[in-house]
Amino acid sequence: MQDVSSLVAQAREGRPRAVARLISLVEGASPQLREVMAALAPLTGNAYVVGLTGSPGVGKSTSTSALVTAYRKQGRRVGVLAVDPSSPFSGGALLGDRVRMSDHASDPGVYIRSMATRGHLGGLAWAAPQAIRVLDAAGCDVILVETVGVGQSEVEIASQADTSVVLLAPGMGDGIQAAKAGILEIGDVYVVNKADRDGADATARELNHMLGLGEARGPGDWRPPIVKTVAARAEGVDEVVEALEKHRAWMEEHGVLAERRKSRAAREVETIAVTALRQRIGDLHGDRRLSTLAERIVAGELDPYRAADELVTGLTEG
């Protein structure tokens, strides 16, 4: 058993090994997870969480690395959660070595962690919210969450980040067309990366046109900016940081940041409760209560919805 209070104290001091152990407890759904979350709760709420998403090949890892460099120049501590596809054999992150972020490996002000999706849809790992809490409590000023390459429906990052950055690139074929049904509805800042390629201006124009077809915005509403970058050469990255800071200031001024964090906490509680309930239902296989309800449905005495209501009532009261 780990000494949780000692690990939390060491994580607050910026010791990467302690942070790693805490996140491992989260990922492994350790029996100590409740103790970990209780210890972290008073220490969270200070980090600015930025999500980066986009289709595969747009340069998410390169952009994340460039943002880390920009924030480190400002003297900020940065945490990175890089969510990768799962290996079908080990269940671990396929790109776990984070080759493209190796420049920051020796920087004590940067903590980089790969997390496997482990089959979880939405572009994120199921343990991402708790891992964000660990990095927040460990003193990170900014947490960058880089998702698995996403498609139309995998837009979960919008519910986990304070600000969502959507990356696109010219020459990606139907990049905007494929993304418009999902990703283009969640962005707070849009980045056209690899802007040194032909078609970058056209991609930005098309994106601007599509955003203009969206919801009507009032005079005080946030209009997502479009920033062109060449992340591999750090061109335009400062402009992205500036756009992020403007969005954060706007959210704080209009109470949006607090509301987003409240909604995030509510979803986290709901997920934990549903998971616990699902586990209890799973434990019922072979249980007489479930068998009795099934018999009554087959006999026409009960419909499945009323049976489910009775089951949930019995589980919550029990």
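Residues numbered from 1 in each chain as written. Predicted model: local features only at pLDDT ≥ 70, side-chain atom pairs only at ≥ 80, totals over all residues. Heavy atoms only, no water.

Going by what an unreviewed UniProt entry lists, the protein is known as Transporter and is assigned to Streptomyces diastatochromogenes.

Overview of the packing of aromatic side chains
Going through the model one piece at a time under the given rule, you end up with one aromatic pair. Geometrically, the ring pair formed by W222 and W250 is tilted, given 6.0 Å between the ring centres and 45° between the ring planes. One end of the pair, W222, is in the loop between α7 (200-212) and β7 (226-228); the other, W250, is in helix α8 (residues 237-254), with 28 residues separating them in the sequence. Residue class for W222 comes out buried when judged on its relative accessible area of 18%. (Phe/Tyr/Trp six-rings, centres within 6.5 Å; stacked < 30°, edge-to-face > 60°. Helix = DSSP H or I, 4+ residues; strand = E, 2+ residues; numbered from the N terminus. Buried < 20%, exposed > 50% of the residue type's maximum accessible area, 1.4 Å probe, protein only.)

Thoughts on the packing of helix α4 (residues 60-73) against α8
As a packed pair, α4 and α8 sit with axes 10 Å apart at the nearest point and diverge in direction by 75°. Classified by the angle between their axes, α4 and α8 sit roughly perpendicular to one another. Packed against α4, whose contacting residues are A66, L67, A70 and Y71, the element α8 presents V237, D238, V240, V241, L244 and E245 at the interface. Grouping the constituent residues of the contact of α4 with α8 by class yields eight nonpolar, no polar and two charged. (Axes fitted to C-alpha atoms, helices over the stretch in contact; angles between N-to-C directions. Parallel < 35°, antiparallel > 145°, perpendicular 65-115°, else oblique. Contact = heavy atoms within 4.5 Å. Nonpolar A, V, L, I, M, F, W, Y, C, P; charged D, E, K, R; others polar.)

Remarks on the nonpolar core
Ranked by internal contacts, the top residues of the largest apolar core, which has 30 residues, are V19, L22, L135 and I143. For this core, the elements supplying multiple residues, two or more each, are α1 (4-12), α2 (16-27), α3 (33-40), β3 (110-116), α5 (128-137) and β4 (142-146). The element that contributes the greatest number of residues to this core is α2, accounting for six residues. Contacts of V19, omitting those with residues within four sequence positions, involve A11, Y111, V134, L135 and A138. If you look at the next biggest cluster of nonpolar residues, it comprises 29 residues, including L67, V68, V78 and L257. (Core = buried A, V, L, I, M, F, W, Y, C linked by side-chain atoms within 4.5 Å.)

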